[in-house]
Amino acid sequence: KMAVWIQAQQLQGEALHQMQSLYGQHFPIEVRHYLSQWIESQMWDSIDLENPQEEFKAKRLLDSLIQELQKKAEHQVGEDGFLLKIKLGHYASQLKSTYDRCPLELVRCIKHILYTEQRLVREATNSSSPGGGLLDSMSQKYQQINQAFEELRVMTQDTENDLRKLQHNQEYFIIQYQESLRIQAQLTSLSTLPPADRLLREPSLQTKRATVEAWLTREANTLQKYRLDLAEKHQKTLQTLRKQQTVILDDELIQWKRRQQLAGNGGPPEGGLDVLQSWCEKLAETIWQNRQQIRRAEHLRQQLPIPGPIEELLTELNGTITDIISALVTSTFIIEKQPPQVLKTQTKFAATVRLLVGGKLNVHMNPPQVKATIISEQQAKALLKNENTRNDSSGEILNNNCVMEYHQTTGTLSAHFRNMSLKRIKRSDRRGAESVTEEKFTILFESQFSVGGNELVFQVKTLSLPVVVIVHGSQDNNATATVLWDNAFAEPGRVPFIVPDKVLWPQLCEALNMKFKAEVQSTRGLSEENLVFLAQKAFSSTSVNPEDYRSMTMSWSQFNRESLPGRNFTFWQWFDGVMELTKKHLKPHWNDGAILGFVNKQQAQDMLMSKPNGTFLLRFSDSEIGGITIAWVAENPNKAGERMVWNLMPYTTKDFSIRSLADRISDLNHLLFLYPDRPKDDVFSKYYTPPLCRHLFPAAKQVDGYVKPQIKQVVPEFATAPPDPSGANATYMDHAASPSVSHPHTYGIYPTTNDTMLDADGEFDLDDTMDVARHVEELLRRPMESQWIGHTQS
């Protein structure tokens, strides 16, 4: 891969000019040149600019950069080397004094430089090799946008030239007009002269006047024509501008927002805003130039009013350009980093808003303040319909004001809310079966921007993606379901926050797979077989043919309102439990392909019965949320010569925090081969906890006066002592089954709790008790005496 700097040096024309403009006092181009290899080999992207804790990493990079520069300076020899040595040394101290107190700004600056160089090189490579097959659609789109900008530049230059010509002609017209007034004054003053003198001078003056007036009449028509031509050209420019703005705001920016929404479900990152910002800034510049031109044309008309349609045309142009600029400013006020979509009260959270045209319209000269409020779905609807919402909010956010800051190096204007916290929430009346975790809110960010030195003032507002507010961690999985459904299936431009009630099964599979890979942080997603298993579970079906599910739909109720047949949990709650368990304890084994996981009891039985005794597989429990069980094939103790499949009671997160899956498998000596035929040690031994070496700690040599016990797990029917490596017959402390460590041998029978208020672990399920809690809260709010006084007296 060729270094970016080598390619960047080959840029030409406008691209070269853009590349050079990246450098200056804040980061000299010589530093980029002499340290190019070092700069390109550092991990700039691994630093999160919004996290103040990353400052020490940035400081290390700054110090290394300065060291590298000093090293480079010391190695310069010869006559030219002497000057370079001084120059590089000077840059080293300059960079230190600039960035020592804000090292993250240096990282921001270099990231911006590298990103822009890569983009310029990519664009140049694409446009210079049309013979190299079809350009991909992305670069074709970029080319079309860049071509339209070139067209707009030419049009704007053309009207600029016309305007100058018009101004020049008008000034000359005014001089001639003054001349005609002078001739008129002379003619008037003739009346005071004797008749003979008058006759002598009058004819030539009248001829002169007639000539000038004929010229003035002709020139007035020409000026009027020039003005109309210019207005028509401006109309064409504004049409092209509007079209270009629609492509950038309604296509590119909306797509970026859609990618941002899918990233909330674990989709690929939405990508940076640098390209979009550069386009929006070009739009802003072109609009502003045209606006100034239209105002100059208006000024010329006022200077010299000539009757005709031009007045209306200019008023119309002025209105149009103000609309265009208004649309640009209000649409480019966006949320760069969304607040968390599952928002817990009393918990710190962050968000970043940005104005993509902030640097170009000099908005930062008067830094705007942004305010964040939380509003309900109803309030968001009213807001978008422009109904007066009287500043309604649905809760109180602490630290909800932030001033936008301008970053010189990247030219970005943004406000980073670092320490917001939702103090309280006001819920609306819920409909029917809706639970608190289905209620959607949004964070409204609003500000006021003045553009062009207070010439225009815009009120801007933007809404975050929907957020679900929770008060307890136990509500998290249901809230996540609401967010997942919304992110996956929201239509662009919808009324807040309408989502389809049912979706096609393949669409849901895509969303589940995306979420699974992101949560487990794995490249191994859900296979076709896994998805068939999920379809069987979702639709209580036995078909193993994926085609049978292609046109089936799943409703929100089936997804996360109604419990699965014979269970006390929903489809999503079961799936979420599997993700949680895999993420926390099983990730390496899932990535190794050691966990089949999505297999039901019957399938496991069919698969194992054709294999030798001791073959086992791992599958997610059907009857328990977030459980995984081991199924293995062995002799039936009650019938000689007959084999059967055994199922171990499921392990949950609680079990794995005591002893890991690999160690548990290692403990169970009757497990020999992972299905289909892999010796278990080949698969799991790299994850075993190393055993305590007995020869280092014999009983006589106690550590700190204590003998260290060891937790092991047994299944009583299959408990055989493993061969002892030292040759002695060791007795394990825990050969008797201890309920806290090993599982009782009630294979396949799982105790269920009958109390609906308690969940499987015997803890209160908050969702079911929310309404009770709210009722109690209500009672506590009432004045004390009226409530209890009666009781105390009686």
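Scoring rules and cut-offs
- Residues numbered from 1 in each chain as written.
- Predicted model: local features only at pLDDT ≥ 70, side-chain atom pairs only at ≥ 80, totals over all residues.
- Heavy atoms only, no water.
- Helix = DSSP H or I, 4+ residues; strand = E, 2+ residues; numbered from the N terminus.
- Areas by Shrake-Rupley, 256 points an atom, 1.4 Å probe, with all protein chains shown as cover.
- Patch = residues over 30% accessible without salt bridge, like charges linked within 9 Å, V, L, I, M, F, W, Y side chains within 5 Å.
- Salt bridge = Lys/Arg side-chain N within 4 Å of Asp/Glu carboxyl O.
- Buried < 20%, exposed > 50% of the residue type's maximum accessible area, 1.4 Å probe, protein only.
- Phe/Tyr/Trp six-rings, centres within 6.5 Å; stacked < 30°, edge-to-face > 60°.
- Lys NZ or Arg CZ within 6 Å of the ring centre and 35° of its normal.

Here we take up the overall build of the protein. Each helix and strand counted, the protein has 23 helices and 18 strands in total. With an accessible surface of roughly 42,300 Å², the protein has 52% of that area assigned to carbon and sulfur atoms.

Positionally, Val 599 belongs in the loop between α17 (571-591) and α18 (601-609). In the structure, Val 599 is positioned 69 residues away from Asn 530 in sequence and 7.7 Å away in space, judged by C-alpha atoms.

The grouping of Phe 82, Leu 83 and Ile 86 at the surface amounts to a nonpolar patch, some 330 Å² of accessible area in total. On the basis of relative accessible area, Ile 86 is assigned to the partly exposed category, the value being 48%.

This next bit is on the packing of aromatic side chains. For any pair of aromatic rings, the description rests on two quantities: the centre-to-centre distance and the angle between the ring planes. In this structure the tally under the stated criterion is 28 aromatic pairs. Relative to Phe 559, the ring of Trp 485 lies with its centre 5.3 Å away and its plane at 45°, an arrangement referred to as tilted. In this pair, Trp 485 sits in helix α13 (residues 476-489) while Phe 559 sits in helix α16 (residues 556-560), placing the two residues 74 residues apart along the sequence. The class of Trp 485 is buried, set by a relative accessible area of 3%. Geometry around Trp 590 places Arg 524 over its ring, the cationic atom sitting 3.6 Å from the centre. If you follow Lys 537 out to its NZ or CZ, it ends over the ring of Trp 574, 4.5 Å from the centre.

The full count for this structure, using the stated rule, is 40 salt bridges. Two residues, Glu 117 and Arg 32, come together in a salt bridge whose shortest N-O distance is 2.7 Å. Linking Glu 117 in helix α7 (residues 103-128) with Arg 32 in helix α3 (residues 29-34), this pair joins segments that are 85 residues apart in sequence. Both residues of the pair, Glu 117 and Arg 32, belong to the buried class. Among the ionic pairs, Lys 461 bridges to Glu 446, the shortest N-O distance being 3.6 Å. Of this pair, Lys 461 sits in strand β10 (residues 456-463) while Glu 446 sits in strand β9 (residues 441-451), and the two are 15 residues apart along the sequence.

These values are about where atoms sit, not about what they do.
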